[in-house]
Amino acid sequence: MLKKDLENEKAARKQDKKIFEADLTDLESELSDNTQLIEGLTVKITDLESDNKTLKNQFDTSEKRVTKLKDDLKSEKE
């Protein structure tokens, strides 16, 4: 009886190991997917930061032009 119990326990541990290995493989795959998502988001954030900087520069340039036009208009009126 003891030998049979040991064999059953050994078989159960083997099955546990297979389940653990499958879970580990799934987690590794999920980690890889998440890493790729993070890398993609990082690139998008960098692109957005660059776009934001460009838009801010364009806005600042436009604002300077408007100010200059206002000043020119004011000068013409005087």
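These lines cover the structure that appears in this document, whether it is placed above or below. Everything numeric in this text was worked out from a predicted model, so none of it was measured. (Residues numbered from 1 in each chain as written. Predicted model: local features only at pLDDT ≥ 70, side-chain atom pairs only at ≥ 80, totals over all residues. Heavy atoms only, no water.)

## A look at the overall build of the protein
Thought 1: A tally of helices and strands in the protein yields 1 helix and 0 strands.
Thought 2: Relative to the compact-globule value of 12 Å for 78 residues, the protein shows a C-alpha radius of gyration of 33 Å, a clear excess of over 25%.
Thought 3: Taken over the C-alpha atoms alone, the protein extends approximately 110 × 15 × 5 Å along its principal axes.
Thought 4: Counting only residues that meet the buried cut, the protein has 0% of its 78 residues in that class.
Thought 5: Working note: accessible area of the protein is about 7700 Å², and carbon and sulfur atoms make up 58% of it.
Thought 6: Positive and negative side-chain charges in the protein, numbering 16 and 20 respectively, have mean positions lying 1 Å apart. (Helix = DSSP H or I, 4+ residues; strand = E, 2+ residues; numbered from the N terminus. Rg over C-alpha atoms; globule rule 2.2 N^0.38 Å. Buried < 20%, exposed > 50% of the residue type's maximum accessible area, 1.4 Å probe, protein only. Areas by Shrake-Rupley, 256 points an atom, 1.4 Å probe, with all protein chains shown as cover. Lys, Arg positive; Asp, Glu negative; His and termini not counted. Charge placed at Lys NZ, Arg CZ, Asp CG, Glu CD.)

## What about the pattern of salt bridges?
Thought 1: For the structure on display, the rule yields 4 salt bridges.
Thought 2: Residues Arg-13 and Asp-16 are paired through a salt bridge, measuring 2.3 Å at the closest nitrogen-oxygen approach. One end of the pair, Arg-13, and the other, Asp-16, are both in helix H1 (residues 2-77), 3 residues apart, so they sit about a helical turn from each other.
Thought 3: Between Lys-68 and Asp-72 there is a salt bridge, and its shortest N-O distance comes to 3.0 Å. Separated by 4 residues within a single helix, Lys-68 and Asp-72 lie in helix H1, roughly one turn from each other.
Thought 4: Note on Lys-68: relative accessible area 51%, which makes it exposed.
Thought 5: When its relative accessible area of 32% is taken as the criterion, Asp-72 is described as partly exposed.
Thought 6: Beyond isolated ion pairs, a larger network of salt bridges with shared partners links Glu-9, Arg-13 and Asp-16. (Salt bridge = Lys/Arg side-chain N within 4 Å of Asp/Glu carboxyl O.)

## Some words on the environment of Lys-17
Thought 1: Of note, Lys-17 is situated in helix H1.
Thought 2: For the pair Lys-17 and Leu-37, spaced 20 residues apart in sequence, the C-alpha to C-alpha distance is 30 Å.

## Section: a positive patch on the surface
Thought 1: Together, Lys-10, Lys-14, Lys-17 and Lys-18 make up a positively charged patch on the protein surface.
Thought 2: For Lys-14, the location among the structural elements is in helix H1.
Thought 3: By relative accessible area, which is 57% here, Lys-14 ends up exposed. (Patch = residues over 30% accessible without salt bridge, like charges linked within 9 Å, V, L, I, M, F, W, Y side chains within 5 Å.)

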